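Architecture at a glance
One letter stands for each residue in the lines below.
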Amino acid sequence: SGTEVLLTLSEEEKLCGFSLETGGKDWDAPQDLLIAASLDGENWISLDYTTANRIDFLFPPVSCRYLRLTIDEHSEEVASEWTIAEIFLYTTQKN
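Residues numbered from 1 in each chain as written. Predicted model: local features only at pLDDT ≥ 70, side-chain atom pairs only at ≥ 80, totals over all residues. Heavy atoms only, no water.

Counting its regular elements, the protein chain contains zero helices and five strands. Across the protein chain, helices and strands are ordered from the amino to the carboxyl terminus as β-β-β-β-β. Residue pairs at least 24 apart in sequence account for 80% of intrachain contacts in the protein chain once pairs closer than 6 positions are excluded. Here the protein chain displays about 6000 Å² of accessible surface, and carbon together with sulfur accounts for 46% of that area. (Helix = DSSP H or I, 4+ residues; strand = E, 2+ residues; numbered from the N terminus. Contact = heavy atoms within 4.5 Å. Areas by Shrake-Rupley, 256 points an atom, 1.4 Å probe, with all protein chains shown as cover.)

Here you go:
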């Protein structure tokens, strides 16, 4: 599989997107990102998302405690590493 980042939230949240801060290295933003969400860390659902800039990712609201970001191993090669300085999660109101 490709390079992966796993986020574990302190409690279940209803997420609808996130932004990546690349530390001023926007060329290091992921190109072919696979996003999956889980309530238990074992059963995952793939999320369809939209992005205009490879930094901001939006998807339909999903309840989860885990978010997995993976660069597709079949993605085109980039000249540098994947850099994440911070991740900002977007939440909606809980049901």
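Still to come is the rest of the account.
Moving on, we come to the pairing of strand β2 (residues 33–38). Across the six residues that make up β2, a large majority, five, are buried. Sheet analysis places β2 next to strand β3 (residues 45–47), joined by three bridges and oriented antiparallel. Looking across to β3, one finds that Ala 36 is bridged to Ser 46. In sequence, β2 turns back onto β3 through a hairpin of six residues, with Gly 41 there showing a positive phi of about 80°. (Buried < 20%, exposed > 50% of the residue type's maximum accessible area, 1.4 Å probe, protein only. Pairing = 2+ DSSP bridges.)

We now examine the nonpolar core. Judged by nonpolar contacts, the single largest core of 17 residues is most densely connected at Phe 18, Leu 33, Ile 35, Leu 47, Phe 59, Leu 67 and Leu 69. Of all the elements in the fold, those that place two or more residues in this core are β1 (4–21), β2 and β4 (56–71). At seven residues, the largest contribution of residues to this core is made by β4. Apart from residues no more than four positions distant in its own chain, Phe 59 is found in contact with Leu 15, Cys 16, Gly 17, Phe 18, Ile 35, Leu 47, Asp 48 and Tyr 49. (Core = buried A, V, L, I, M, F, W, Y, C linked by side-chain atoms within 4.5 Å.)

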